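Coordinates in review
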Amino acid sequence: MESSEQLELVPARLQVVQLDRVKYACRSCEEHVAIADKPPQPIEKGLPGPGLCAHTVLSKFGDHQPLYRQEDIHSRLGYTIRRSTLCGWQAALADLAQPLVDRMQHLVLQSKVIHTDDTSIKMLEPGRGTTRTCKFWPYLGDWLHPYAVYDFTLSRERNGPANFLAGFEGYLQADAYAGYDGIFAGAAVWEVACWIHARRYWHQALDNDPLRANHALGFIARLSQVEKQLGRASPEKNLQGERDFVAVAAGRQEHAVPILAEFKSLLDSERDNKKLLPKSPIRAAFTYTLNQWEALCRYTREGYLSYDNNIAERLVKFPAIGRKNYLFVGSPRGGRGAAAMYSLVSSAKANGVEPFAWLKDVFTRLPYHRDGQAFAQSAAGAAVTAAELDDLLPDRWLQSHPDCVWTIDAIRREERQRQNRVPRRRRS
């Protein structure tokens, strides 16, 4: 007998879970009826269980499925759940999860370095039938506080990041947006710029001035190669679970700093060159790099700082892809709710946690603390640590659920590392 295997799809299904509670009464008088309390639900007096709540959130904010498509999917499973109902569920779940998001924000602000960026989203103007441009701002903490928290603002005004980062002390890695200047004006926050942003200006100047642009791109490529070599040579983690930041910083001082000094000499020698027309791409590249020079070189100070801000740019991909599907948010509350959900999904993925399993447990356990007493804040605004809340943080939750590793993420990471080890010429 010869056998073979075939991979087949068994459609998902929705099932009704019946909760039975026993009633007790006095046999003599048949009064004083008592009934057990119903277990707290993710949505009070609502229909969905924790698994359906997790699926609804992950489908929109992880898989970028707008609610009308979820409506179609549920109808194929035999249930009609209207998009208006799904929208109400997500609003209620955002309120339920907000204490956990607030806790992650509190911890992110304790980081030594925060990565941030922003991306736009349309919001319906109530009663006008028009839209306005709003912003999502992701903030990613350091290796000790590895959470991605999104903020939603009605504009790109500087008070958005200023309010979110109030009280933060450390390094902030971001683009050259002028709204951050007020944050950098004090002595508490140090600006770290992104070499990939600078590289784009020089790449755009290739057609305008290929000689100077290629010369500058060569310096940036050498800096990038130093980072790759340091990443390969230094131990991935030490006994405390942290990268060997001292070795990385020493390697940058030895190899990157001389390249930066050489690059700066080139920039200074061409600074007043009259052949660089004021509005030309090559002049823009010189101006951006010189204006950002101190912030561009600051990454060499510490081993835990990054040469680029790509990690924050990857975070803005989530709402950027999502807006191509659901187009807009319906209100300021909807925008804040979306920011909370993006915070949950992105933090799970950033920590290598399988997001559905984690979200299901979050929506199972958080209803037991809906009164908010465990998550109260002090008068000073610092979140009071609650064991139940900290146990739900994705990195700590994974320690108690090691079988819930996000496997596909580990596979992709291994593939990227393997490709980086192959010389470019052989790869092509």
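Residues numbered from 1 in each chain as written. Predicted model: local features only at pLDDT ≥ 70, side-chain atom pairs only at ≥ 80, totals over all residues. Heavy atoms only, no water.

It is the contact of helix 1 (residues 50–61) with helix 2 (residues 67–76), at a shortest axis distance of 10 Å, that shows an interaxial angle of 135°. For the element pair helix 1 / helix 2, the angle class is oblique. Seen from above, helix 1 lies across helix 2 with right-handed handedness. Along its contact with helix 1, which presents L52, H55, T56, S59 and K60, the element helix 2 presents L67, Q70 and H74. Of the residues in the contact of helix 1 with helix 2, the class split is two nonpolar, five polar and one charged. (Axes fitted to C-alpha atoms, helices over the stretch in contact; angles between N-to-C directions. Helix = DSSP H or I, 4+ residues; strand = E, 2+ residues; numbered from the N terminus. Parallel < 35°, antiparallel > 145°, perpendicular 65-115°, else oblique. Left-handed = near helix turned anticlockwise from the far one by under 90°. Contact = heavy atoms within 4.5 Å. Nonpolar A, V, L, I, M, F, W, Y, C, P; charged D, E, K, R; others polar.)

Okay, the layout of surface pockets next. If you add up the space inside the second largest pocket, you get close to 990 Å³. What lines the second largest pocket is a set of 33 residues, and nearest its centre among them are Q15, V17, P48, G49 and L52. Only helix 1, helix 2 and helix 14 (355–365) provide two or more residues apiece to the lining of the second largest pocket. A per-element tally of the lining of the second largest pocket places helix 1 first, with four residues. Its residues assigned to classes, the lining of the second largest pocket shows 20 nonpolar, nine polar and four charged. (1 Å grid on protein atoms, 1.4 Å probe; cavity = no way out; pocket = protein on both sides within 12 Å on 5 of 7 lines; lining within 4 Å. Points joined across faces, edges and corners; volume = space filled by probe spheres on them.)

What follows deals with the pairing of strand 5 (residues 131–140). Burial analysis of strand 5 places seven of its 10 residues in the buried class, the great majority of the element. Judged from the two bridges that link them, strand 3 (residues 113–116) and strand 5 form a sheet pairing that is antiparallel. Residue pairing across strands places T116 opposite Y139, the latter belonging to strand 5. Pairing analysis gives six bridges linking strand 4 (residues 119–124) to strand 5, with the strands arranged antiparallel. Bridge pairing links M123 to R132 in strand 5. Sheet analysis places strand 5 next to strand 6 (residues 148–153), joined by six bridges and oriented antiparallel. The partner of W137 across the bridge, within strand 6, is D151. (Buried < 20%, exposed > 50% of the residue type's maximum accessible area, 1.4 Å probe, protein only. Pairing = 2+ DSSP bridges.)

Let us now look at a nonpolar patch on the surface. Together, L124, L327 and F328 make up an exposed nonpolar region whose accessible area comes to about 250 Å². Along the chain, F328 turns up in strand 9 (residues 328–329). (Patch = residues over 30% accessible without salt bridge, like charges linked within 9 Å, V, L, I, M, F, W, Y side chains within 5 Å. Areas by Shrake-Rupley, 256 points an atom, 1.4 Å probe, with all protein chains shown as cover. Salt bridge = Lys/Arg side-chain N within 4 Å of Asp/Glu carboxyl O.)

Among the secondary structure elements, D142 is positioned in the loop between strand 5 and strand 6. Of the side chains with opposite charge, K112 comes closest to the buried, unpaired D142, at an N-O distance of 6.6 Å. Polar contacts involving the side chain of D142 include one to the side chain of H145, which spans 2.9 Å. With residues near it in sequence (within four places) discarded, D142 still touches S111, K112 and V113. (Lys, Arg positive; Asp, Glu negative; His and termini not counted. Polar contact = N/O pair within 3.5 Å; in protein donor to acceptor, adjacent residues only side chain to side chain.)

We note that K45 has phi near 60°; this positive angle belongs to a residue other than glycine. Within the secondary structure layout, K45 lies in the loop between strand 2 (34–35) and helix 1. You can call K45 exposed: its relative accessible area is 88%. Residues other than glycine seldom take positive phi values, yet L327 does so here, at roughly 70°.

Right, let's get into the pattern of salt bridges. Counted by the stated rule, this structure contains 19 salt bridges. Taking the shortest distance from any N to any O, the salt bridge between R271 and D268 comes out at 2.9 Å.

What follows is about the packing of aromatic side chains. Applying the stated criterion across every chain yields a total of 21 aromatic pairs. Pairing W202 with F263 gives two aromatic rings, centres 6.3 Å apart and planes at 50°, and the pair type is tilted. In this pair, W202 is assigned in helix 6 (residues 195–204) and F263 in helix 8 (residues 245–270), connecting sequence segments 61 residues apart. On the basis of relative accessible area, W202 is assigned to the buried category, the value being 1%. (Phe/Tyr/Trp six-rings, centres within 6.5 Å; stacked < 30°, edge-to-face > 60°.)

So, about the packing of helix 1 against helix 3 (residues 83–108). Close contact between helix 1 and helix 3 brings their axes to 10 Å; oriented N to C, the two are set at 100°. As summarised for this structure, helix 1 and helix 3 are arranged roughly perpendicular, according to the angle between their axes. Residues L52, C53, T56, V57, K60 and F61 of helix 1 form the contact with helix 3, whose participating residues are L86, W89, Q90 and L93. Considering only residue class, the contact of helix 1 with helix 3 consists of seven nonpolar, two polar and one charged.

Right, let's get into the environment of R21. Of note, R21 is situated in the segment before strand 1 (23–24). For the pair R21 and V405, spaced 384 residues apart in the sequence, the C-alpha separation amounts to 36 Å. Contact partners of R21, with chain neighbours within four places excluded, come to I35, A36, D37 and K38.

These results come straight from atomic positions and should not be treated as a statement about function.
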